[in-house]
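Understanding the architecture of this molecule
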Amino acid sequence: MSQLYRERPDVLFAHQDGRGSESLLEAMGTDVVVRVLTRYTDLVEAMVQVVSEAREFLVVTGSRSREKAYLASIETAVAQQPDLIHYRVLYGPPRHLALSEHLVRLLELRDPAERRNGVKSLHLGIVEPLAAMERHFVASESAAVVPLPSFHGAEGFDCGVLMGREAALGLVQHGREACASARPVETVEAARALPVWHGGTSGQGEA
């Protein structure tokens, strides 16, 4: 496992050792937060940066994405980095047509059935039932962004936090486990069959 993921055992299996994982993050305290993002433009820029700098893992959760530049950056990463392992975890059907179309493009770019170097490199899944609590973040092996409710009003999710490597690794593991238990959506036909559900709020900037 250490050779495959190029990580120390204490990092890979910290989630199985409550004391070890807590002590690492607790020792860092607020140092896990690299920057508080208070503007929508800063939030999108940070999310795109996490995507563009991902080299090993890219985990995205949520069903509300619609920012074109952000979705395009994910597609570029998948197209240009064949060894990048990408996970997208949906919580319910896509809330916007832009995300539905993005899922189709991902599946046209890369076949989840293929095994590059023996490893599956595209994982798409939808968490069911709809009552499951939705999570929103984008994480790589080195950084993560978690969108937050707006600091400026009741509508939208246009703020967030940029987090460092230790927190990012925890979120990567979170997303991988969530995807493993989700219903696979791994053909173009399956992605196109997902309804575009317009229920609930549709805040900006959600992963």
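Below or above, wherever it landed, is the structure these notes cover.

Here is what the cut-offs are and how they apply
- Residues numbered from 1 in each chain as written.
- Predicted model: local features only at pLDDT ≥ 70, side-chain atom pairs only at ≥ 80, totals over all residues.
- Heavy atoms only, no water.
- Salt bridge = Lys/Arg side-chain N within 4 Å of Asp/Glu carboxyl O.
- Helix = DSSP H or I, 4+ residues; strand = E, 2+ residues; numbered from the N terminus.
- Buried < 20%, exposed > 50% of the residue type's maximum accessible area, 1.4 Å probe, protein only.
- Expected span 1.5 Å × (residues − 1).
- Pairing = 2+ DSSP bridges.
- Polar contact = N/O pair within 3.5 Å; in protein donor to acceptor, adjacent residues only side chain to side chain.
- Contact = heavy atoms within 4.5 Å.
- Core = buried A, V, L, I, M, F, W, Y, C linked by side-chain atoms within 4.5 Å.

1. Section: the pattern of salt bridges
Charged atoms that come close allow side chains of opposite charge to pair. A complete count under the given rule lists 9 salt bridges for this structure. With its nearest N and O atoms 2.9 Å apart, the salt bridge here joins Glu75 to Arg105. One end of the pair, Glu75, is in helix H5 (residues 68-80); the other, Arg105, is in helix H6 (residues 97-109), with 30 residues separating them in the sequence. Residue Arg105 is classed as partly exposed on the basis of its relative accessible area of 33%. Across the pair Arg95 and Glu134 runs a salt bridge whose closest N-O atoms are separated by 3.7 Å. Of the two residues, Arg95 is situated in the loop between strand S3 (85-91) and H6 and Glu134 in the loop between strand S6 (122-127) and strand S7 (137-140); the sequence distance between them amounts to 39 residues. According to the relative accessible area criterion, Glu134 is buried, its value standing at 17%. One network of salt bridges, in which partners are shared, links Arg35, Arg39 and Asp42.

2. So, helix H7 (residues 165-180)
Across its 16 residues, H7 extends 22 Å between first and last C-alpha, which sits within 8% of the 22 Å expected from 1.5 Å per residue. Those residues of H7 not exposed but buried are Ala167, Ala168, Leu169, Leu171, Val172, Gln173, Gly175, Arg176, Ala178 and Cys179.

3. Some details on the pairing of strand S9 (residues 159-163)
Counting buried positions along S9 yields 5 of 5 residues, so the element is predominantly enclosed. Residues Cys159, Val161 and Met163 line one face of S9 and the alternating positions Gly160 and Leu162 line the opposite face, and both faces are buried. When strand S1 (residues 33-37) meets S9, the two strands line up antiparallel, connected through 4 bridges. Among the inter-strand pairings, Leu37 is bridged to a residue of S9, identified as Gly160. Bridging between strand S8 (residues 144-148) and S9 involves 5 bridges; their strand directions are antiparallel. The partner of Val146 across the bridge, within S9, is Val161.

4. Looking at the side chain of Ser150
Tracing the backbone shows Ser150 in the loop between S8 and S9. At 2.9 Å, the side chain of Ser150 and the backbone nitrogen of His152 are in polar contact. In this structure the side chain of Ser150 is engaged in a polar contact, spanning 2.8 Å, whose partner is the side chain of Asp158. In contact with Ser150, other than residues within four places in its own chain, are Glu155, Gly156, Phe157, Asp158 and Cys159.

5. Thoughts on the nonpolar core
Of all hydrophobic cores here, the largest spans 33 residues; its most connected members are Leu58, Tyr70, Val138 and Val145. Among the secondary structure elements, those contributing two or more residues to this core are helix H4 (40-53), strand S2 (57-61), H5, H6, S6 and helix H8 (188-193). Contact partners of Val138, with chain neighbours within four places excluded, come to Met47, Val50, Val51, Leu58, Val59, Val60, Tyr70, Ala143, Ala144, Val145 and Ala207. Grouped together as the second largest cluster of nonpolar side chains are 16 residues, Phe57, Val89, Ala168 and Ala178 included.

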